[in-house]
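Listed below, chain by chain, are the residues.
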Amino acid sequence: MSDVEPTTAPTTGISTSAPVAMPTPSSARPKPGELTLAAPRGGKPPQHLADLDPAERKAAVEALGHKGFRAKQLSTHYFERLVESPQEMSDLPKAIRDDLVAKLLPQLLTPVRTQAADNGKTVKSVYRLHDGALVESVLMRYPKRVTICISSQVGCGMNCPFCATGQEGLTRNMSTAEIVEQVVQAARLLRRGDVAGGAEGAPLRVSNVVFMGMGEALANYGAAVGAIRRITDPAPDGLGMSARGITVSTVGLVPAMDKLAAEGIPLTLALSLHAPDDKLRNELVPINTRWSVDEAIDAAYRYFQVTGRRVSIEYALIRGMNDQGWRADLLGTKLNARGRGWVHVNPIPLNPTPGSRWTASDPGVEREFVRRLRALGVPTTVRDTRGSDIDGACGQLAAATA
Ligand code: SAH
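The following paragraphs examine the structure supplied in this document. For every chain, the first residue of the written sequence is number 1, and numbering continues from 1 onward in sequence order. Residues qualify for local features only when their pLDDT is at least 70, as the model is predicted, and side-chain atom pairs are given and counted only at 80 or more; totals for whole chains, interfaces and linings, by contrast, use all residues. To get the side-chain values, all heavy atoms of the structure are used, and hydrogens and water are removed first.

1. What about the overall build of the chain?
Logical step 1: Secondary structure elements follow DSSP: runs of H or I no shorter than four residues count as helices, runs of E no shorter than two count as strands, and numbering proceeds from the N terminus. A count of helices and strands for the chain gives 11 helices and 11 strands.
Logical step 2: Relative to its length of 402 residues, the chain is compact, with a C-alpha radius of gyration of 21 Å against a globular reference of 21 Å.
Logical step 3: With respect to the three principal axes, the spread of C-alpha positions in the chain is 70 × 45 × 45 Å.
Logical step 4: Relative accessibility under 20% of the residue-type maximum defines a buried residue, over 50% an exposed one, and the middle range a partly exposed one, all with a 1.4 Å probe and only protein chains included. Going through the 402 residues of the chain one by one, you find that 57% of them count as buried.
Logical step 5: Throughout, a contact is declared for two residues whenever any of their heavy atoms are within 4.5 Å. For the chain, the proportion of contacts with a sequence separation of at least 24, taken over those separated by at least 6, is 70%.
Logical step 6: Of note, the chain has its 47 positive side-chain charges centred 3 Å away from the centre of its 41 negative side-chain charges. C-alpha atoms define the radius of gyration, and 2.2 Å times the number of residues to the power 0.38 defines the globule rule. Two residue types count as positive, namely Lys and Arg, and two as negative, namely Asp and Glu; His and chain ends fall outside the count. Just so you know, the charge point we use is NZ for Lys, CZ for Arg, CG for Asp and CD for Glu.

In structure tokens, the structure reads:
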């Protein structure tokens, strides 16, 4: 992981004064089925404005010996104006600016490279963190929306055998600011006109954020929810995006799903089910040995009851594994048993990952799977999958960088 040299000069960081640290040693590959719930403790990334709520920012600025209102000025530059260089912060006297930028806007994510696909409408960014660890995010531009798929952990401890990230194991949790910074860098990329596509006059803003990159966001709960607050807080305290445009995807960490429901944030929860029966799901999603199919679906249903937000069920269709008609029927029956109108199923054709013998279902089998769910009255749409030729599609992140 550590020997990849930047192929593009970092152009988006605010400061170049980030401390040079030794790369994080990559974790050992997990054995099949082995789960890692607690992240290894490593050197913490430097503190950043985006780690703090507005009151904490004021306190931090005052602790540095500056006037409290400077916190708001910094927030405006970072969240609202997406400022890329300290020279643009002309309302801050130079001496003050240098100190505040060094202490509160350290460069957390250094671009290592970007790769485009789909005629430039999909852009995968690889970033190096302060300790040398690499993470990825993927920006996807559609005619009427722009979605950024972000990472919440370096690696992942959930060990799903069909997912490239899962095979790397968990190196560490990302901080709130490291998560937010992926959205900020994407917003700057878009503003610079580096992303093709979209209808004339379409908004050049990130409209959707999906926690479907590397990691299990709910296993890094505090940082993920902190990031969601920063993303949704109105500018200049945060990026001012709608929570309705945010999706958090989980393997089914039941207590964290309930906790998220109680936060009162109207975001979309996605449950990675991939099998309707415990026997197969134990293999495909090892956390199932902790919380079963029924327990995970019950938690998803409670999320709907508490928030009124329709839940998504993700189902990667794997040829000959989980794509049989009877499994579609069992899935539909189990969802309907809880109620109607609370859930939506997103089958995803499996994206190939290195070393895996599994592949996507045949198109006819996929159509039949969808038909059966719809026949049971379950709204079902096959998820469009972008960026597979740049290893940027679901489950492929980290495949090429590790
Ligand atoms: N840890 C979260 C986010 C993972 S990525 C979760 O598991 O939900 C988002 C989705 O991509 C998940 O549903 C995941 O199961 C799915 N996915 C992983 N590998 C995939 C692959 N090779 N092909 C298609 N989807 C995949």
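2. Notes on the nonpolar core
The tendency in soluble globular proteins is for nonpolar side chains to be buried as a group.
Logical step 1: Here, nonpolar core refers to any group of buried Ala, Val, Leu, Ile, Met, Phe, Trp, Tyr and Cys residues whose side-chain atoms link them within 4.5 Å. Grouped together as the largest cluster of nonpolar side chains are 115 residues, with contacts concentrated most on Val209, Phe211, Leu260, Leu284 and Leu335.
Logical step 2: At nine residues, the largest contribution of residues to this core is made by helix α5 (residues 176–191).
Logical step 3: When near neighbours in sequence (up to four residues on either side) are disregarded, Leu260 contacts Leu218, Tyr221, Val225, Val248, Leu267, Leu269 and Tyr303.

3. Here's the deal with the packing of aromatic side chains
Logical step 1: Stacked, edge-to-face and tilted are the three classes for Phe, Tyr and Trp ring pairs, Trp counted by its six-membered ring, which pair at centre distances within 6.5 Å; planes under 30 degrees apart are stacked, over 60 edge-to-face, the rest tilted. Scanning the model with the defined rule gives four aromatic pairs in all.
Logical step 2: Geometrically, the ring pair formed by Tyr301 and Trp342 is edge-to-face, given 5.1 Å between the ring centres and 80 degrees between the ring planes. Placement of the pair is Tyr301 in helix α9 (residues 293–307) and Trp342 in the loop between α10 (325–338) and β11 (343–349), with a sequence separation of 41 residues.
Logical step 3: With a relative accessible area of 0%, Trp342 lands in the buried category.
Logical step 4: One aromatic cluster is present, formed by Tyr301, Phe304 and Trp342 through successive ring pairs.
Logical step 5: For a lysine, the NZ atom is tested; for an arginine, the CZ atom; a charge sits over a ring if that atom is within 6 Å of the ring centre and within 35 degrees of the ring normal. Over the ring of Tyr142 we find Arg145, and its NZ or CZ is 4.1 Å from the ring centre.

4. Brief notes about the environment of Pro106
Logical step 1: You can see Pro106 is positioned in the loop between α3 (94–104) and β1 (110–117).
Logical step 2: Sequence separation between Pro106 and Gly222 is 116 residues, and the spatial gap between their C-alpha atoms is 21 Å.
Logical step 3: Filtering out sequence-adjacent residues up to four positions away, Pro106 remains in contact with Pro46, Gln47, His48 and Val101.

5. Here we look at the side chain of Arg383
Logical step 1: Along the chain, the position of Arg383 falls in the segment after α11 (363–375).
Logical step 2: We classify Arg383 as buried; its relative accessible area is 16%.
Logical step 3: Pairs of N or O atoms are called polar contacts if they sit within 3.5 Å, as long as, within protein, a hydrogen donor faces a hydrogen acceptor (for residues adjacent in sequence, only side-chain-to-side-chain pairs). A distance of 2.8 Å separates a polar atom in the side chain of Arg383 from a polar atom in the side chain of Glu314.

6. A few points about the sheet that holds strand β3 (residues 134–141)
Whenever strands of a sheet pair, they do so through backbone hydrogen bonds, lying parallel or antiparallel.
Logical step 1: Pairing between strands requires that DSSP locate at least two bridges from one strand to the other. Ordered in space as β1-β2-β3-β4-β7-β8-β9-β10-β11, the nine strands form an open sheet in which the pairing is mixed. The open sheet terminates on both sides in strands that have one partner only, identified here as β1 and β11. With direction set aside, neighbouring strand axes in the sheet form an average angle of 20 degrees.
Logical step 2: Two elements, β3 and strand β4 (residues 146–149), share four bridges in a ladder whose sense is antiparallel. Inter-axis angles, ranging from 0 to 180 degrees, are taken between N-to-C directions of lines fitted to C-alpha atoms, where helices are fitted over the stretch in contact.

7. So, the site of the ligand
Logical step 1: Surveying the vicinity of the ligand reveals 17 residues, the closest of which are Glu216, Ser249, Ser272, His274 and Asn351.
Logical step 2: Separating an oxygen atom of the ligand from a side-chain N or O atom of His274 is a distance of 2.6 Å.
Logical step 3: Here Cys394 contributes a backbone N or O atom positioned 3.4 Å from a nitrogen atom of the ligand.
Logical step 4: Tallied by class, the residues present in the shell around the ligand amount to seven nonpolar, eight polar and two charged. A molecule or strand has a residue near it when one of that residue's heavy atoms lies within 4 Å. Residues are grouped as follows: Ala, Val, Leu, Ile, Met, Phe, Trp, Tyr, Cys and Pro are nonpolar; Asp, Glu, Lys and Arg are charged; all remaining types, including Gly, are polar.

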